[in-house]
Amino acid sequence: GEKGLPQALIIGVKKGGTRALLEAIRAHPDVRAVGTEPHFFDRNYEKGLEWYRNVMPKTLDGQITMEKTPSYFVTNEAPRRIHSMAKDTKLIVVVRNPVTRAISDYTQTLSKKPEIPTFEVLAFKNRTLGLIDASWSAIRIGIYALHLENWLQYFPLSQILFVSGERLITDPAGEMAKVQDFLGLKRIVTEKHFYFNKTKGFPCLKKPEDSSAPRCLGKSKGRTHPKIDPDVIHRLRKFYKPFNVMFYQMTGQDFQWE
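Conventions we followed
Residues numbered from 1 in each chain as written. Predicted model: local features only at pLDDT ≥ 70, side-chain atom pairs only at ≥ 80, totals over all residues. Heavy atoms only, no water. Helix = DSSP H or I, 4+ residues; strand = E, 2+ residues; numbered from the N terminus. Expected span 1.5 Å × (residues − 1). Buried < 20%, exposed > 50% of the residue type's maximum accessible area, 1.4 Å probe, protein only. Contact = heavy atoms within 4.5 Å. Axes fitted to C-alpha atoms, helices over the stretch in contact; angles between N-to-C directions. Parallel < 35°, antiparallel > 145°, perpendicular 65-115°, else oblique. Nonpolar A, V, L, I, M, F, W, Y, C, P; charged D, E, K, R; others polar. Core = buried A, V, L, I, M, F, W, Y, C linked by side-chain atoms within 4.5 Å. Salt bridge = Lys/Arg side-chain N within 4 Å of Asp/Glu carboxyl O.

A. Examining helix H4 (residues 98-112) more closely. Under the 1.5 Å per step criterion, the end-to-end length of H4 is 21 Å for 15 residues, consistent within 8% with the ideal 21 Å. By the burial criterion, the buried members of H4 are Pro98, Val99, Arg101, Ala102, Ile103, Ser104, Asp105, Tyr106, Thr107 and Gln108. In this structure, the buried residues of H4 make contact with helix H5 (119-123), helix H6 (137-140), helix H7 (144-152) and helix H10 (230-251).

Next up, the structure:
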C-alpha cells in the first residue's frame, strides 16, 4: 500500500462523539484511519504536507484515508488550510447538545486538574446578572453557528456531514448509514456491528474481524458528570437557543436540543 493524504476528515466537535464515530467507521474494510489525533491543521501545520502524509496509514486502491482532530472545527485557519490541501475534502462534524457538551468538556478537564473552579464559577462572567462567559472554551465550542460560518466561506454545505452525537448513541447503525453514504462507501457497518453496553450507557462495537474482544470506548469515555445547579443549566439553555436555531437553519437539520 501507499500513504496518501486524507480524503475525509472528522473535524469536530470535542466531546461530541468523534472517537465513537472514528472507531465505528474504522470497522469498514474500505477505510483506513489514524488512531491518534494528528492536529496538523491547528498545531503542526508548519511541519508540512509530507509530514502529514507520513502520519497516515498505508492504503490500497479504493480505500479511503481518514483522520479525526475535533479542534479543527474551532480553529480559524483550518478551513483555508484544508481547502488548500484539497478543496474536495469531505468533512464530518459530530455535534451534540451544547449544554451537555460543555459539562462533558468541563468533566474531562476536572479529571486532569481537580483544583479548577466549579463549572458555575467558570460559566458566568457575572452570576448575579446571569451573564454567560462565552469566551470560556467549554462554552464557546458549542456556539456551532459561529464556527460553521467560517467553514462555509471555503466549503459548500454538500461537502459537510453533520452527525448527531445523541443519535450515534441511540441509533448507531442509522447514523453510520448516513456516514457511509456520504463517504461513497457500501453500507457494511450495520446494526450487526453494535451491541448496547448497559454499564457504559452507550453502544460498543462487536469484535472486528482481526481480534477476539469486543471494542468498547476506553475508561476516559462515559465519565459521570458533576451535579450542576439546575438554574445554571436553564441559563445555558437560554443562552444557546438562538445559536442552535441559527445552526438548524444553516444546516437544514433540526437536532432537537430544545
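B. Structural detail: the packing of H4 against H10. It is at 9 Å that the axes of H4 and H10 come closest, and there the two elements cross at 125 degrees. In this view, H4 runs oblique relative to H10, as classed from their interaxial angle. Of H10, the residues touching H4 (which contributes Pro98, Val99, Ala102 and Ile103) are Ile233, Leu236, Arg237, Tyr240 and Asn244. Across the contact of H4 with H10, the residue classes break down as 7 nonpolar, 1 polar and 1 charged.

C. Geometry of the nonpolar core. Ile11, Phe41, Tyr72, Ile82, Trp151 and Phe247 are the most contacted members of the largest nonpolar core, which has 28 residues in total. Counting only elements with at least two residues in this core, the list comes to strand S2 (8-12), helix H3 (78-85), strand S6 (90-95), H7, strand S9 (160-164) and H10. The leading source of residues in this core is H7, at 4 residues. With near-sequence residues (within four places) excluded, phenylalanine 247 lies in contact with Val95, Tyr144, Ala145, Leu148, Phe162, Phe255 and Trp257.

D. View of the pattern of salt bridges. The full count for this structure, using the stated rule, is 12 salt bridges. Here glutamate 23 makes a salt bridge to arginine 19, at a shortest N to O gap of 3.0 Å. In this pair, glutamate 23 and arginine 19 both sit in helix H1 (residues 18-25), 4 residues apart, roughly one turn of the helix. As far as the burial class goes, glutamate 23 and arginine 19 line up, both buried. For glutamate 37, the salt bridge identified is with lysine 68, shortest N-O distance 2.8 Å. With glutamate 37 in the loop between strand S3 (31-33) and helix H2 (48-55) and lysine 68 in strand S5 (residues 64-68), this pair connects stretches of sequence that are 31 residues apart. Since its relative accessible area comes to 30%, glutamate 37 is described here as partly exposed.

On their own, these measurements won't tell you what the molecule is for.
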